[in-house]
Protein chains: 2
Amino acid sequence: MFRFVVRYKLVFLYAASLVLILVLLNVLQYKLLLINHSYEFYMLCIAVLFAVLGGWLALKLVKPKTVLVETKRLVSELTPTDLQQLEQERQQLNLSSRELEVLQLMARGLSNQEIADQLFLSLPTIKTHSSRLFEKLEVKRRTQAVEKGRQLRLID
Amino acid sequence: MFRFVVRYKLVFLYAASLVLILVLLNVLQYKLLLINHSYEFYMLCIAVLFAVLGGWLALKLVKPKTVLVETKRLVSELTPTDLQQLEQERQQLNLSSRELEVLQLMARGLSNQEIADQLFLSLPTIKTHSSRLFEKLEVKRRTQAVEKGRQLRLID
DNA sequence: AGCAAAATCATACTTTGGTATGAATGAGTT
DNA sequence: AACTCATTCATACCAAAGTATGATTTTGCT
């Protein structure tokens, strides 16, 4: 039971905060007697607020649906030996899935903030991911990372 | 259906806990504070309804994350028509030779300072060139410029 | 159940990138 | 000769990128 609470504490936290806001609205309602009878307004506020919060929460909590998309690749020039070597290099890099994901969004020209928004993560998180990525790829800048990622066929 | 419930269990859990807490609050209010609660109940219903609705909508509307899967498939070369169109686009961009030069060094991952050193120019000069370049390519960042330059076959 | 790696977030800081504005120079054109 | 355009450089300022460090949480694996 306790573990349950700990595990889903975010859920309870959100619920609690929502309740708090609701209570606050109620208090305000009783303090500001002027608009005592404009209940519709409060309801509208609450409806919008909760709709937005609900939406945000849902996006936060639910892992995004993944759709597999086949990418067309020109592999004609590379010999099987080359491909094998590339595969080996890729494995030696030992990139995590997140790092790879970040790299691919980088290659499309997204800023760190945009990547964070896209993946529903915070900006610092993206920064740490990219820092690790640069270390592993032994590069200094994102443009170099993209270049190297392209050479290793991690992108496109 | 069952899968759906399992997959989004957090959301349902959130909604359920929200309802529970709100109802509890209502009861407490009724018992302790003796506040007229007919409107509150209405608002609670609306809040819960819209929270769930917002969550549902968000889940419905969110774009599925696309995961690129490599397929080693041979892709036909560009048709002459495509090449012609690319050439036309390139000409319409009206890039100066310096701008093109800067773009190509960018694509290799060089920093502005490094580009300046390479071309025996000053840093401000490179900055103005790159600014113009971004304008003409209608992009905001160097990574986007590289991406667009690649699409237009200005690089490689 | 417990551990190691991955992932997340934060804060503070430095560096690089990008914009705005202005200005000087030289090459080629009308 | 006047004009346009590309090129060069400068200064100042704001935004984004990247580093360092530390902490917490998930998660995959034994």
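Cut-offs applied
Residues numbered from 1 in each chain as written. Chains lettered and ligands numbered in written order. Predicted model: local features only at pLDDT ≥ 70, side-chain atom pairs only at ≥ 80, totals over all residues. Heavy atoms only, no water. Near = heavy atom within 4 Å. Polar contact = N/O pair within 3.5 Å; in protein donor to acceptor, adjacent residues only side chain to side chain. Helix = DSSP H or I, 4+ residues; strand = E, 2+ residues; numbered from the N terminus. Axes fitted to C-alpha atoms, helices over the stretch in contact; angles between N-to-C directions. Parallel < 35°, antiparallel > 145°, perpendicular 65-115°, else oblique. Left-handed = near helix turned anticlockwise from the far one by under 90°. Contact = heavy atoms within 4.5 Å. Nonpolar A, V, L, I, M, F, W, Y, C, P; charged D, E, K, R; others polar. Buried < 20%, exposed > 50% of the residue type's maximum accessible area, 1.4 Å probe, protein only.

## Thoughts on the protein's contact with DNA strand D
Thinking step 1. Looking at DNA strand D, there are 20 residues lining it, with K127(A), R142(A), S96(B), R98(B) and H129(B) nearest.
Thinking step 2. Within 4 Å of the protein, atoms of DNA strand D come from sugar and phosphate in 67% of cases.
Thinking step 3. Within the side chain of S96(B), an N or O atom sits 2.3 Å from a phosphate oxygen of DNA strand D.
Thinking step 4. Within the side chain of R98(B), an N or O atom sits 2.7 Å from a phosphate oxygen of DNA strand D.
Thinking step 5. Listed by contribution, the elements that provide at least two residues to the surface near DNA strand D are α7 (123–137) of chain A together with α5 (97–107) and α7 (123–137) of chain B.
Thinking step 6. Take the surface near DNA strand D: its biggest share by element is five residues, from α7(B).

## Details of the packing of helix α5 (residues 97–107) of chain A against helix α6 (residues 112–119) of chain A
Residues and elements named next belong to chain A.
Thinking step 1. Look at α5 against α6: their axes get within 10 Å of each other, and the N-to-C directions meet at 125°. In this view, α5 runs oblique relative to α6, as classed from their interaxial angle. Of the two possible hands of crossing, α5 and α6 adopt the one that is right-handed. Packed against α5, whose contacting residues are R98, E101, V102, L105 and M106, the element α6 presents I115, Q118 and L119 at the interface.
Thinking step 2. Residues belonging to the contact of α5 with α6 are distributed by class as follows: five nonpolar, one polar and two charged.

## Details of the packing of α5(B) against helix α8 (residues 142–151) of chain B
All names here are of chain B.
Thinking step 1. Taken N-terminus to C-terminus, the directions of α5 and α8 make an angle of 105°; their axes are 9 Å apart at the nearest point. Relative to α8, α5 is oriented roughly perpendicular. Contacts from L103, M106 and A107 of α5 reach α8 at R142, A145, V146, G149 and R150.
Thinking step 2. Its residues assigned to classes, the contact of α5 with α8 comprises five nonpolar, one polar and two charged.

## Some details on the side chain of T143(A)
Thinking step 1. Tracing the backbone shows T143(A) in helix α8 (residues 142–151).
Thinking step 2. Take T143(A): its relative accessible area is 6%, and that puts it in the buried class.
Thinking step 3. When neighbours within four sequence positions are excluded, T143(A) is seen to be in contact with M106(B), G109(B), R142(B) and T143(B).

## What about the protein's contact with DNA strand C?
Thinking step 1. Residues in close proximity to DNA strand C total 17 residues, the closest being S96(A), R98(A), H129(A), K127(B) and S131(B).
Thinking step 2. For DNA strand C, the backbone portion of the atoms within 4 Å of the protein, that is sugar and phosphate, comes to 70%.
Thinking step 3. A distance of 2.7 Å is found between a base oxygen of DNA strand C and a side-chain nitrogen or oxygen belonging to K127(B).
Thinking step 4. Between R142(B) and DNA strand C, the recorded distance is 2.8 Å, taken from a backbone N or O atom to a phosphate oxygen.
Thinking step 5. Those elements that place two or more of their residues in the surface near DNA strand C are α5 and α7 of chain A together with α7 of chain B.

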